[in-house]
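Coordinate inspection notes
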Amino acid sequence: MAKQLTHLTIDGKTTDPMLSRRSAIQWVLGAVTAASLPGCTSGEPTSKVPPSQPPAGGPPDAAPIGQGQEDASRLATTRPVAGYGTDPNLVAFHKPGDIWPLTLSPAQKTAATALADVIFPKDNLGPAASEVNVPAMIDEWVSAPYPIQQADRAIILPGLDWIDIEANKRFKKPFADLADDQKTAICDDICDPIKAKKEFKTAAKFFIKFRGVAAGAYYATPPGWEAIGYVGNVALGSFDGPPEEVLKKLGVTQTVV
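I will try to describe carefully the structure that is included in this document. (Residues numbered from 1 in each chain as written. Predicted model: local features only at pLDDT ≥ 70, side-chain atom pairs only at ≥ 80, totals over all residues. Heavy atoms only, no water.)

1. Thoughts on the overall build of the chain
In terms of regular secondary structure, the chain is built from 9 helices and 2 strands. Ordered by position in the sequence, the α and β elements of the chain form the string β-β-α-α-α-α-α-α-α-α-α. Looking at the chain as a whole, 34% of its 257 residues are labelled buried. A fraction of 65% describes how many contacts in the chain between residues 6 or more apart in sequence connect residues 24 or more apart. By element, 57% of the accessible surface of the chain is carried by carbon and sulfur atoms, the whole surface being about 16,200 Å². (Helix = DSSP H or I, 4+ residues; strand = E, 2+ residues; numbered from the N terminus. Buried < 20%, exposed > 50% of the residue type's maximum accessible area, 1.4 Å probe, protein only. Contact = heavy atoms within 4.5 Å. Areas by Shrake-Rupley, 256 points an atom, 1.4 Å probe, with all protein chains shown as cover.)

2. Some points on a nonpolar patch on the surface
Where nonpolar side chains cluster on the molecular surface, the patch consists of Y219, W225, I228 and Y230 and spans about 400 Å² of accessible area. By the secondary structure assignment, W225 is in helix α8 (residues 222-228). (Patch = residues over 30% accessible without salt bridge, like charges linked within 9 Å, V, L, I, M, F, W, Y side chains within 5 Å. Salt bridge = Lys/Arg side-chain N within 4 Å of Asp/Glu carboxyl O.)

3. Side note on the side chain of D139
The residue D139 is located in helix α4 (residues 134-143) in this model. Taking the relative accessible area as the measure of exposure, D139 reaches 2% and is therefore buried. A polar contact of 3.2 Å, which involves the side chain of D139, links it to the backbone nitrogen of T103. (Polar contact = N/O pair within 3.5 Å; in protein donor to acceptor, adjacent residues only side chain to side chain.)

4. With respect to helix α5 (residues 147-171)
The terminal C-alpha atoms of α5, which comprises 25 residues, lie 36 Å apart, in line with the 36 Å expected from a rise of 1.5 Å per residue. Along α5, the sharpest kink reaches roughly 30°, centred on R153. Along α5, the residues classified as buried are Q149, A151, D152, I155, I156, L157, G159, L160, I163, D164, E166 and A167. K172 sits one or two positions beyond α5 and adopts a positive phi of about 65°. (Expected span 1.5 Å × (residues − 1). Bend = angle between axes of the 7 residues up to and from the residue.)

5. A closer look at the packing of helix α3 (residues 106-119) against helix α7 (residues 201-218)
Running from N to C, α3 and α7 point in directions that differ by 80°, and their axes come no closer than 11 Å. Here α3 is positioned roughly perpendicular relative to α7, judged by the angle of their axes. Packed against α3, whose contacting residues are A112, L115, A116 and I119, the element α7 presents F206, F207, F210 and R211 at the interface. A class-by-class count of the residues in the contact of α3 with α7 yields 7 nonpolar, no polar and 1 charged. (Axes fitted to C-alpha atoms, helices over the stretch in contact; angles between N-to-C directions. Parallel < 35°, antiparallel > 145°, perpendicular 65-115°, else oblique. Nonpolar A, V, L, I, M, F, W, Y, C, P; charged D, E, K, R; others polar.)

6. Details of the packing of α4 against α5
Here α4 crosses α5 at 120°, and the two axes come no closer than 7 Å. Facing α4, whose interface residues are W141, V142 and S143, α5 presents I148, Q149, Q150, D152, R153, I156 and L157. In the contact of α4 with α5, the residues fall into 5 nonpolar, 3 polar and 2 charged.

7. Regarding the environment of P121
In this structure, P121 sits in the loop between α3 and α4. Not counting residues up to four positions away in its chain, the partners in contact with P121 are G126, P127 and A128.

8. Some points on the pattern of salt bridges
As a working rule, side chains carrying opposite charge can pair if their charged atoms are close by. The full count for this structure, using the stated rule, is 4 salt bridges. With a shortest N-O distance of 2.7 Å, R170 and D189 are connected by a salt bridge. Note that R170 is positioned in helix α5 and D189 in helix α6 (residues 180-190), a separation of 19 residues in sequence. Judged by its relative accessible area of 26%, D189 is partly exposed. A single salt-bridge network, built from bridges that share partners, covers E166, R170 and D189.

9. Overview of the nonpolar core
Counting residues in hydrophobic clusters, the biggest one holds 39 residues, and the most contacted among them are L115, V134, I156, L160, F175, F206 and F210. Mapped by element, the contributors of at least two residues to this core are α3, α4, α5, α6 and α7. Top element by residues in this core is α7. It accounts for 11 residues. Filtering out sequence-adjacent residues up to four positions away, F175 remains in contact with A111, A114, L115, V118, I163, D164, A167, K183, I186 and C187. (Core = buried A, V, L, I, M, F, W, Y, C linked by side-chain atoms within 4.5 Å.)

10. Concerning the side chain of H94
Relative to the helices and strands, H94 resides in the loop between α2 (69-78) and α3. Within the structure, H94 has its side chain in polar contact with the backbone oxygen of N89 (distance 3.1 Å).

11. Here's the deal with unusual backbone geometry
Most of the time, phi is negative for any residue but glycine, and the peptide bond is trans. Positioned with a positive phi, N133 is a non-glycine residue whose angle comes to about 65°. Along the polypeptide, N133 turns up in the loop between α3 and α4. Of note in the backbone geometry, K172 takes a positive phi value of approximately 65° without being a glycine. Considering the arrangement of structural elements, one finds K172 in the loop between α5 and α6.

Here is the structure:
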């Protein structure tokens, strides 16, 4: 069921079929935006992100006020800083796994590919999710060391394992090897966290999280933009204000000319 990754042409350049680190980071940023959109959460808190605040009393190695820059520099070079370090260099090209190890197992990646293609199949609006490397972005997402991604990892990895277990339980095959109607039968049971039966509540939480991350990846690609009619930043010769139908829907009137 998993589809082969294909070359993409972006800005006139043909990309490698493997997802570049730069593209992955760009998709991660897009997924952050998509995940915050209405409908991308289950309505229940799935994780709590630790607040970005210094520990009570301040950093234990903080230099006294007025101490020379030389001492601060010495501390910075001799004492390791807790945390995950600096962000990747987005200008340089990195191969997958250069900065942080990718963590999806082959079985999890296959399940992720099949599930992403159920959610975003190839149709008249655009290519399938696997054709624009959505599974590769999901692997990058759950492998990143940041708090939000680590919280999602705790939901997505067990969820991918569960969907194979459930497929084998019902149909004696891994999820990726099921017929389309069999895949749909499982997804129908977990696609709505409110209507899901009690035994599928945890799986529904996984599905909503996975769908949000996959949507962020899909709609951060040029084919995804085209699917929703997004044209990007385009210079306009003039701007006549929001369309009338938008103003009508929002119940507001254009007052600035």
